[in-house]
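# Commentary on secondary and tertiary structure
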Amino acid sequence: MWVLRPLAPKETDHEAIFAAAIGGAVLMVLAWLSLALPVPACAMKSAAGIPCATCGTTRALHALMEGDAIRAFVLNPLAVVLLLAGSVWFTYAVVAVIFRTRRVRLIRYAKWWARAFAALVLLNWTYLILAGR
Ligand SMILES: [Zn+2]
């Protein structure tokens, strides 16, 4: 169950951490792209011949930036969902930190959400292996 409540005194500000981490990652990606550095190949796919659970994420991101959501989804469905959800969550986190709004907190069923997410990762990874991504 999710609730909206003020940040408690001395409570970890997860939104500030998330916003800083994602903001920093976006800046690093932009710097990487502006320097035209090569995208490293997947070590697991190179070594074992099968894709890792995140294979296709970079190509999916490129497809999204070109406006081709279908191609992005085919390349790595879960990555697209997480990139879009992460964008929404990043916006929420920045707004929450700047305007000191109430925070979204998961208060029940945390293990259920973790298991559902793990199942989604395994399902997505199976798709990537079967599709040869
Ligand atoms: Zn990979």
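Refer to the preceding data block for the structure.
Computed from a predicted structure; not experimentally measured. (Residues numbered from 1 in each chain as written. Predicted model: local features only at pLDDT ≥ 70, side-chain atom pairs only at ≥ 80, totals over all residues.)

## Topic: the overall build of the protein
- When its secondary structure is counted, the protein shows six helices and two strands.
- Across its three principal axes, the protein shows a C-alpha extent of roughly 50 × 40 × 25 Å.
- Looking at the protein residue by residue over its 133 residues, the buried ones come to 11%. (Helix = DSSP H or I, 4+ residues; strand = E, 2+ residues; numbered from the N terminus. Buried ≥ 20, exposed ≤ 12 C-beta atoms within 10 Å, placed from the backbone.)

## Structural notes on unusual backbone geometry
- The phi torsion at lysine 10 lies on the positive side, around 65°, for a residue other than glycine.
- In this structure, alanine 36 takes a positive phi of about 55° despite not being glycine.
- Tracing the backbone through its elements, the reader meets alanine 36 in the loop between helix H1 (14-34) and helix H2 (43-48).
- The exposed category is assigned to alanine 36, around which 6 C-beta atoms lie within 10 Å.

## Some thoughts on the packing of helix H3 (residues 57-65) against helix H5 (residues 77-99)
- Viewed as axis vectors pointing N to C, H3 and H5 meet at an angle of 55°, and their least axial separation amounts to 9 Å. If you check the angle between H3 and H5, you find them oblique. Once H3 is placed against H5, the crossing between them reads as right-handed. Only Ala79, Val80 and Leu83 of H5 make contact with H3, whose side of the interface consists of Thr57, Ala60, Leu61 and Leu64.
- In terms of residue class, the contact of H3 with H5 is built from six nonpolar, one polar and no charged. (Axes fitted to C-alpha atoms, helices over the stretch in contact; angles between N-to-C directions. Parallel < 35°, antiparallel > 145°, perpendicular 65-115°, else oblique. Left-handed = near helix turned anticlockwise from the far one by under 90°. Contact = placed C-beta atoms within 7 Å. Nonpolar A, V, L, I, M, F, W, Y, C, P; charged D, E, K, R; others polar.)

## A few points about the nonpolar core
- Ranked by size, the top nonpolar core spans seven residues in total: Ala60, Ala63, Ala72, Leu75, Leu78, Ala79 and Val80.
- Secondary-structure elements contributing two or more residues to this core are H3, helix H4 (69-75) and H5.
- Tallying contributions element by element places H5 first for this core, with three residues.
- Ignoring any residue separated from it by four or fewer positions in sequence, one finds leucine 75 in contact with Gly56, Arg59, Ala60, Ala63 and Arg133. (Core = buried A, V, L, I, M, F, W, Y, C linked by C-beta atoms within 7 Å.)

## Some thoughts on H5
- Taking 1.5 Å of rise per residue, 23 residues should cover 33 Å, and H5 covers 33 Å from first to last C-alpha, within 8% of that figure.
- Residues Leu78, Ala79, Val80, Ala93 and Ala96 constitute the buried set of H5.
- Against the buried residues of H5 lie H1, H3, H4, strand E2 (103-106) and helix H6 (110-131).
- Positioned one or two residues after H5, arginine 100 has a phi angle of 50°, which is positive. (Expected span 1.5 Å × (residues − 1).)

## Considering H1
- Taking 1.5 Å of rise per residue, the 21 residues of H1 would be expected to cover 30 Å, and the 30 Å separating its terminal C-alpha atoms lies within 8% of that figure.
- Within two residues after H1, alanine 36 carries a phi angle of roughly 55°, on the positive side.

## Quick look at the environment of alanine 19
- Here alanine 19 is to be found in helix H1.
- The buried category is assigned to alanine 19, around which 21 C-beta atoms lie within 10 Å.
- Along the backbone, alanine 19 and phenylalanine 90 are 71 residues apart, and their C-alpha atoms lie at a distance of 5.7 Å.
- In this structure alanine 19 touches Phe90, Ala93, Val94 and Val97, once residues within four positions along its chain are discounted.

Geometric values such as these leave the question of function open.
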